[in-house]
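The chain contents come next:
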Amino acid sequence: MNFRKTILITGGAGFIGSHVVRRFVNNYPDYRIVNADKLTYAGNLENLTDIEKKGNYFFEKTDIVDKQAVVKLFGKFNFDGIIHLAAESHVDRSITGPDEFVFTNIIGTVNLMNAALNSWQKVFVGKLFYHISTDEVYGSLGSEGMFTEKSAYDPKSPYSASKASSDHMVRAYNHTFGLPAVISNCSNNYGPNQFPEKLIPLAINNIKNNKPVPVYGKGENIRDWLYVEDHAAAIDLIFQNGKAGETYNIGGNNEWKNIDLIRLLCKIMDKRLNRSIGTSEKLITFVKDRPGHDLRYAIDSSKLQKEMGWSPIPSFEAGLEKTVDWYLSNSGWLENIISGDYGKYYESMYSGR
Ligand code: NAD
Ligand code: TYD
């Protein structure tokens, strides 16, 4: 079959990447979608079993830090667009081991941009390098205000510093070499297929198994939560309509204190597991805080809403219920992860807290 476009999606076996791959494979049968992923602990091809046999889907096991492997990948396919999600993504891991974050998030991004420039040879019509980033590059807010596209960068964790560095490199390549590049910075995602090291799936799994639910510090930190399919829809819109050189903020307009969010989750879990209301809340355990823990993130996504008509789903509770239902009816997915190396990580991370 002749495909109209060939799109590279990096990190497509991960949480957000798998939702983006599914959306593009299903919505654009005339696009060839190439998912390139190293399959680290966070990459899981089980996330994509429903679309893996489609004729427009291709998987390439590739480490983006390996320059030769990236050059080979770009030699095999003639990419029209790149949606770059591959990254080390967990703040706690960036504190215990920052090196991988520098390699994958910074060097990996530069390897991809070099390969794109080499492949496109200054003929940029119809080409786009789309870099997926985070609101954490802007640092931490006090009780007032929101991050806009004009907020100054002030990253505080090795994770956010590595993402900020990659954003700077993308802007530098756009400015210096003319690479047609866009960036989006998104708030915390939740939904099906999220690796259970992150707050919401970790809490669902622990509540289900009657294990303590670790809340860092006093649980006062605030995050702006967005349903993952809303992020995938925003990525689709930005990929199709975004202007090279521009940045778009994506957020749920949905701020929650961690402790309030966990209490709501406990209530939903009590209902789903037929436990009397209040049972799961007893599992909440306040543990030692994360070093340098950012207090609050909040995103102003009005630019995206105005320019492209995007908006997030209105009900957080409905999104959480959908997420809980997915985890409860996909216990095999979770068990496969817990029985692997993740079990050891969990022990080392939480036993001393
Ligand atoms: P994830 O950890 O679930 O998935 C990351 C994927 O990248 C995995 O499939 C992994 O195998 C792959 N990967 C890691 N290192 C690689 C390498 N060297 N070469 C090739 N592939 C590699 O992450 P996620 O939560 O889906 O996040 C995806 C992107 O979105 C990241 O760039 C992250 O910074 C950004 N983001 C995430 C959130 C969030 O709340 N999760 C919010 C905003 C932005
Ligand atoms: P996380 O899901 O790791 O995302 P991020 O650090 O990128 O925002 O954490 C979300 C919030 O929940 C953050 O404030 C840290 C907190 N947290 C806990 O209280 N307990 C936990 O076990 C985890 C993983 C996170």
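See the structure shown above.
Residues numbered from 1 in each chain as written. Chains lettered and ligands numbered in written order. Predicted model: local features only at pLDDT ≥ 70, side-chain atom pairs only at ≥ 80, totals over all residues. Heavy atoms only, no water.

Remarks on the overall build of the protein chain
Looking only at helices and strands, the protein chain has 11 helices and 12 strands in total. If you line up the protein chain on its principal axes, its C-alpha atoms span 60 × 45 × 40 Å. For the protein chain, the proportion of contacts with a sequence separation of at least 24, taken over those separated by at least 6, is 82%. For the protein chain, the accessible area works out to roughly 14900 Å², and carbon and sulfur atoms hold 51% of it. Seen as two clouds, the 40 positive and the 40 negative side-chain charges of the protein chain have centres 2 Å apart. (Helix = DSSP H or I, 4+ residues; strand = E, 2+ residues; numbered from the N terminus. Contact = heavy atoms within 4.5 Å. Areas by Shrake-Rupley, 256 points an atom, 1.4 Å probe, with all protein chains shown as cover. Lys, Arg positive; Asp, Glu negative; His and termini not counted. Charge placed at Lys NZ, Arg CZ, Asp CG, Glu CD.)

Overview of the nonpolar core
One finds Ile-200, Ile-262, Leu-265 and Leu-320 to be the most contacted residues of the largest nonpolar core, which totals 36 residues. Counting only elements with at least two residues in this core, the list comes to helix H6 (199–208), strand E8 (213–216), strand E9 (222–227), helix H8 (258–272), strand E12 (284–287), helix H10 (316–329) and helix H11 (331–350). Residue contacts for Ile-262: discarding those within four places in its chain leaves Leu-199, Ala-203, Val-213, Val-215 and Ile-284. Membership of the second largest hydrophobic core comes to 34 residues, among which are Leu-85, Leu-226, Ile-238 and Trp-310. (Core = buried A, V, L, I, M, F, W, Y, C linked by side-chain atoms within 4.5 Å. Buried < 20%, exposed > 50% of the residue type's maximum accessible area, 1.4 Å probe, protein only.)

What about the site of ligand 1?
If you check the shell around ligand 1, you find 29 residues, and the closest are Ile-16, Asp-37, Ser-89, Tyr-159 and Lys-163. In the environment of ligand 1, a nitrogen atom lies 3.1 Å from a nitrogen or oxygen atom belonging to the backbone of Lys-38. Ser-89 is positioned such that a nitrogen or oxygen atom in its side chain is 2.7 Å from an oxygen atom of ligand 1. Relative to its unbound accessible area of 830 Å², ligand 1 is 97% covered by the protein chains. A per-element tally of the shell around ligand 1 places strand E5 (residues 128–134) first, with three residues. In terms of residue class, the shell around ligand 1 is built from 13 nonpolar, 12 polar and four charged. (Near = heavy atom within 4 Å. Polar contact = N/O pair within 3.5 Å; in protein donor to acceptor, adjacent residues only side chain to side chain. Nonpolar A, V, L, I, M, F, W, Y, C, P; charged D, E, K, R; others polar.)

Remarks on the pattern of salt bridges
For the structure on display, the rule yields 15 salt bridges. As a salt-bridge pair, Asp-325 and Arg-272 come within 2.5 Å of each other at their nearest N and O atoms. On the criterion of sequence distance, the pair formed by Asp-325 in helix H10 and Arg-272 in helix H8 is long-range, its members being 53 residues apart. Given a relative accessible area of 31%, Asp-325 falls into the partly exposed group. (Salt bridge = Lys/Arg side-chain N within 4 Å of Asp/Glu carboxyl O.)

A word on the packing of helix H1 (residues 15–27) against helix H7 (residues 228–241)
Between H1 and H7, whose axes approach to 9 Å, the crossing angle comes to 55 degrees. Classified by the angle between their axes, H1 and H7 sit oblique to one another. Along this stretch, H1 crosses H7, giving a crossing that reads as right-handed. Touching Phe-15, Ile-16, His-19, Val-20, Arg-23, Phe-24 and Asn-27 of H1 are Val-228, Glu-229, His-231, Ala-232, Ala-233, Ile-235, Asp-236, Phe-239 and Gln-240, all from H7. Classifying every residue of the contact of H1 with H7 gives nine nonpolar, four polar and three charged. (Axes fitted to C-alpha atoms, helices over the stretch in contact; angles between N-to-C directions. Parallel < 35°, antiparallel > 145°, perpendicular 65-115°, else oblique. Left-handed = near helix turned anticlockwise from the far one by under 90°.)

Some words on the side chain of Asp-135
Counting through the fold element by element, Asp-135 comes out in the loop between E5 and helix H5 (158–177). One buried charge, Asp-135, has no salt-bridge partner; the nearest side chain with opposite charge is Arg-223, at 7.0 Å. At 3.4 Å, the side chain of Asp-135 and the side chain of Thr-134 are in polar contact.

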